[in-house]
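Coordinate inspection notes
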Amino acid sequence: MTLDQAVARHAPPDIPAEAAPPSLAKDEGTWVNSASGSEGLELVRVDPVAGRRRSVPRWVRRTVGPVGLLVLWQVLSATGALESDILASPGTIAATAGDLVSDGTLPSAMLVSLQRVAVGLLLGGLIGVALALASGLSRLGEDLVDATVQMLRSIPWVGVIPLFIIWLGIGEAPKIALISLGVAFHLYLNFYAGIRGVDPQLVEAGQSLGLSRWGLIRHVVLPGALPGAMTGLRYSLATAWLALVFGEQVNADDGLGFLMNQAREFFRTDVIVVCLVVYAILGLIADFLVRTLERLLLRWRPTFTGQ
């Protein structure tokens, strides 16, 4: 029997013989060569390995760490290894959170803090974007702006709180100014780097197509700098929540920072942890919104999502 006759004999009718050549050797296989006595080579079907490990859903894997930490925390609290004066148990914290929500204290504080972050993010974002455009699109603007911004950002922005209190009083203004300062620097640095990181060949291509300066900025530079701007926005949101914690230490009469100050005076670790958890949840929600915005605006950019 010839090799072609063996292929035609053993290949199933719905798979052509040429689709399963005798030299094929795949593990997901299908068809491989196997010696069969005196008749030479024959085509044998190889089934996938049975019992292959199923992939665990990603959301399950992402919750293993937090759930394990909560379980360990509860066990240590229940056995007395972790005293309540040092850190309240998860059960106590959950009960405290329920009380704060039921009496309206926590929702009111969250609303005030969100308003401060929103106003500070808007002002700081406008300032950071304006400075990045001026510095990134013009050499003159870079000479006038970049050195000053680089000098100011090296100053610890938390250290300017006393000056803000002297200049702006003890009301809402210093809190919002502190948030805006932290936001503006992060957004400026990443947006400026994104503008200067645009491929010059794309700019040359736009010029060869007859695009004006505004056309280049609109159709080439800004889309190319958008990934950097999104990264800067994510950093800015994280900085905004951090600045809020410090800003609400300044004569605040409401907000999450105010609740934490009161809890510190009375050694209420459960209230402090509740406020920290709320900060973390709000930060995760903000990061999720930015990621969603990235997926909408950056559909054209191929990304590596891990293996």
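The model shown is predicted, which means the values in this text are computed figures rather than measured ones.

This part takes up the overall build of the protein. Within the protein one finds 11 helices and two strands. Overall, the protein shows an N-to-C arrangement of helices and strands of α-β-β-α-α-α-α-α-α-α-α-α-α. Expressed as a percentage of the 307 residues in the protein, the buried residues total 32%. In the protein, of all internal contacts separated by at least 6 residues, the share reaching a separation of at least 24 is 63%. Of the roughly 19,100 Å² that the protein leaves accessible, carbon and sulfur atoms contribute 64%.

With that settled, the discussion passes to helix H9 (residues 213-247). For H9, spanning 35 residues, the distance from its first C-alpha to its last is only 42 Å, which falls clearly below the expected 51 Å at 1.5 Å a residue. Remark: the principal bend of H9, roughly 45 degrees, maps to leucine 226, with a proline, proline 227, within the next four residues.

A full pass over the atoms with the stated rule returns three aromatic pairs. Each ring, one from phenylalanine 164 and one from tryptophan 167, has its centre 6.3 Å from the other, and the planes form 55 degrees; the classification is tilted. Of this pair, phenylalanine 164 and tryptophan 167 both sit in helix H6 (residues 161-168), separated by three residues, roughly a single helical turn. Phenylalanine 164 sits in the buried class, given a relative accessible area of 12%. For tryptophan 167, a relative accessible area of 60% gives the class exposed. The interplanar angle of 5 degrees and the centroid separation of 5.7 Å between the aromatic rings of tyrosine 188 and tyrosine 192 together place this pair among those described as stacked. Taken together, the residues tyrosine 188 and tyrosine 192, both in helix H7 (residues 173-196) and four residues apart, mark about one turn of the helix. Here tyrosine 188 and tyrosine 192 have matching classes, each one buried.

Of the volumes computed, that of the second largest pocket is approximately 350 Å³. What lines the second largest pocket is a set of 13 residues, and nearest its centre among them are Gly136, Leu137, Val203, Arg213 and Val221. Within the residue set of the lining of the second largest pocket, elements represented by two or more residues are helix H4 (105-137), H7, helix H8 (200-208) and H9. The element best represented in the lining of the second largest pocket is H9, accounting for four residues. Looking at the lining of the second largest pocket, its residues break down into seven nonpolar, three polar and three charged.

For tryptophan 157, the location among the structural elements is in the loop between helix H5 (139-153) and H6. Among the residues examined, tryptophan 157 registers a relative accessible area of 17% and is labelled buried. Between the alpha carbons of tryptophan 157 and glycine 182 there is a distance of 6.9 Å; along the sequence they are 25 residues apart. If we ignore the near neighbours within four places in the chain, the residues touching tryptophan 157 are Leu178, Leu181, Thr239, Leu242 and Ala243.

What follows covers the confidence of the model for the protein. The predicted coordinates should not be examined in detail at positions where pLDDT is low. Looking at the protein as a whole, its pLDDT mean stands at 80, while 80% of the residues score no less than 70. Averaged over each element, pLDDT in the protein is lowest for strand E1 (residues 31-35) (49) and highest for H4 (92). Below pLDDT 50 for its whole length, residues 14-32 participates in 35 contacts with residues either more than four positions away or in separate chains. Contacts of residues 34-38 to residues separated by more than four positions or lying in other chains number seven contacts, the stretch itself having pLDDT below 50.

Here is what the cut-offs are and how they apply
- Residues numbered from 1 in each chain as written.
- Predicted model: local features only at pLDDT ≥ 70, side-chain atom pairs only at ≥ 80, totals over all residues.
- Heavy atoms only, no water.
- Helix = DSSP H or I, 4+ residues; strand = E, 2+ residues; numbered from the N terminus.
- Buried < 20%, exposed > 50% of the residue type's maximum accessible area, 1.4 Å probe, protein only.
- Contact = heavy atoms within 4.5 Å.
- Areas by Shrake-Rupley, 256 points an atom, 1.4 Å probe, with all protein chains shown as cover.
- Expected span 1.5 Å × (residues − 1).
- Bend = angle between axes of the 7 residues up to and from the residue.
- Phe/Tyr/Trp six-rings, centres within 6.5 Å; stacked < 30°, edge-to-face > 60°.
- 1 Å grid on protein atoms, 1.4 Å probe; cavity = no way out; pocket = protein on both sides within 12 Å on 5 of 7 lines; lining within 4 Å.
- Points joined across faces, edges and corners; volume = space filled by probe spheres on them.
- Nonpolar A, V, L, I, M, F, W, Y, C, P; charged D, E, K, R; others polar.
- pLDDT = per-residue confidence, 0-100.

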